[in-house]
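Architecture and fold: a report
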Amino acid sequence: MRVGVLDVGSNTVRLEIADAGGAVPLPVHTVKYRLRLADDVDSTGRLPEPAVRRLAEAAAAARQEADGWGVTRLTAFATAIVREAPDRARILAAVRERSGLELRLMSGRREAELTFLAARRWMGWRAGPMVLLDIGGGSAEVAFGRAGVPDLAFSFPLGAGRLTREYLGTADPPPPEQLRTVRRLVRHELRDVAARIRWERPHTAVATSRTLHQLARLCGAPPGREGPFTPRYLHRGRLRSELRRLARLPAAERATLPGISPSRAGQALAGAVVAHTTMALLEVPTLELCPWALREGVLIHQLERDALRDHPSGADHPSGADHPSGADHPSLSDPSAVPGSPTPPHTCR
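No experiment lies behind these values; they were computed from the predicted model shown.

1. What about the overall build of the chain?
Within the chain, the regular secondary structure consists of eleven helices and eleven strands. The 349 residues of the chain split such that 56% are buried. For the chain, the proportion of contacts with a sequence separation of at least 24, taken over those separated by at least 6, is 68%. Roughly 15000 Å² of accessible area belongs to the chain as shown, and the carbon and sulfur atoms make up 51% of that amount.

Listed below in structure tokens is the structure:
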């Protein structure tokens, strides 16, 4: 069986297609549509009509691509950029009309849960008690757990793009006081959660998301061309030094640094502030980079639910008691998990 996930984020719309014949999804094809929707959001959080049209057209192109690759089930979801839009119903209707896809709105907590699930599967049980950090464009997720699903999962309005738009203003580079404001905000949002996680004494700290991968590359991690199995780390001390350099440079010059893409150079500074401050609050000296994140979590979750239907007792399921499909971990088709999306996933024909 071939399955697909369409992820609508603040910067990109990404289609991932995988073969689902085994215990884990094996990626076979990916397509990225760089829409940069966050750049078009107005002061009320609304997306203007041209941006909605571009999103609907990208969704239609993704559905056509998925059909061409023989995808039998395509799940489309959106995170903060659409979830928080006051006119989100209009956006969902436009996508449905143009592409035939039901775009689901994934809650921030669900983002954290499914990203943790993917990272745990990648890292394996050697990771032990594990804390996860993911920094997106609109939100940042933190989760902690000792088993296959997180015991604690949180989402905060600390995305790199959001903080850049709302707090760093038009100065390029921004003045130090604006950076101090962002750091204080991160500390205020995370201090209680960080204290709770410190009590748990995580054995492993894991990072996902494009923002953290680019920061790790800036700090000396191996480039992506060396493949997903190459170990990569982000060290807090090195990040502190690079953060100082990022703060001195305008966005155009940041884009010339290793790992910092031109499309994310403007928000790289805010992402570095969130990453460094969070690591300090958690007392984490090093983050281990994980190539699997939210999209893989969605695919894994769906495969494990399918397996549970085939083996209802769970006795023959490889995840056993730690299987994430119990009552406390509703599926993506559950409206309580994905608000505003009561219909089942689209099936490609």
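2. Regarding the packing of helix H1 (residues 49–68) against helix H3 (residues 88–99)
In contact at an axis separation of 8 Å, H1 and H3 are set at 40° when each is read in the N-to-C sense. Between H1 and H3, the crossing angle belongs to the class labelled oblique. Once H1 is placed against H3, the crossing between them reads as right-handed. Listed contacts from H3 to Glu-49, Val-52, Leu-55, Ala-56, Glu-57, Ala-59, Ala-60 and Arg-63 of H1 are Arg-90, Ile-91, Ala-94, Val-95, Arg-98 and Ser-99. When grouped by side-chain class, the residues that make up the contact of H1 with H3 number eight nonpolar, one polar and five charged.

3. With respect to the pairing of strand E8 (residues 152–156)
In this sheet, E8 lies alongside strand E7 (residues 140–145) in antiparallel orientation, the contact comprising five bridges. Within the sheet, the bridge partner assigned to Glu-141 lies in E8 and is Ser-155. Between E7 and the antiparallel strand that follows it, E8, lie six residues.

4. Points about empty space enclosed by the protein
Applying the stated criterion to the full structure yields three cavities of 30 Å³ or more. If you add up the space inside the largest cavity, you get close to 50 Å³. Lining the largest cavity are Thr-211, Gln-214, Leu-215, Ile-260, Arg-264, Gln-267 and Ala-268. When contributions to the lining of the largest cavity are tallied by element, the ones reaching two or more residues are helix H7 (210–218) and helix H10 (265–282). Of the residues forming the lining of the largest cavity, the biggest block, three residues, is contributed by H7. Classifying every residue of the lining of the largest cavity gives three nonpolar, three polar and one charged.

Each value, and the rule that gives it
Here the residue numbers are simple positions, counted from 1 along each chain's written sequence. Local features are withheld for residues below a pLDDT of 70 in this predicted model, meaning they are given only at 70 or higher, and side-chain atom pairs are given and counted only at 80 or more; totals for whole chains, interfaces and linings count all residues. Excluding hydrogens and water, the side-chain figures rest on all heavy atoms present in the structure. Helix numbers and strand numbers start at the N terminus; a helix is a DSSP run of H or I with at least 4 residues, a strand a run of E with at least 2. Think of it in three bands: residues with accessible area under 20% of the maximum for their type are buried, residues over 50% are exposed, and the middle band is partly exposed, with areas taken using a 1.4 Å probe on protein chains only. Any pair of residues with heavy atoms lying within 4.5 Å of one another is described as a contacting pair. Areas reported as accessible are Shrake-Rupley estimates using a 1.4 Å probe. Residue values count occlusion only from the protein chains shown. Whenever a helix is involved, its axis is fitted only over the stretch in contact; in every case the axis is a line through C-alpha atoms, and angles between N-to-C directions fall within 0 to 180 degrees. Put simply, angles under 35 degrees are roughly parallel, angles over 145 are roughly antiparallel, angles from 65 to 115 are roughly perpendicular, and the rest are oblique. Rotating anticlockwise by less than a right angle from the far helix to the near helix defines a left-handed crossing, while the corresponding clockwise rotation defines a right-handed one. Ten residue types, Ala, Val, Leu, Ile, Met, Phe, Trp, Tyr, Cys and Pro, are classed as nonpolar, four, Asp, Glu, Lys and Arg, as charged, and the remainder, Gly among them, as polar. Strands were regarded as paired on the criterion that DSSP finds at least two bridges between them. With a 1 Å grid laid over protein atoms only, a set of points is called a cavity when a 1.4 Å probe fits there but cannot get out and a pocket when it is open yet has protein on both sides within 12 Å along at least five of seven lines; lining residues have an atom within 4 Å of a point. Grid points are joined across faces, edges and corners, and a volume is the space filled by probe spheres set on the points.

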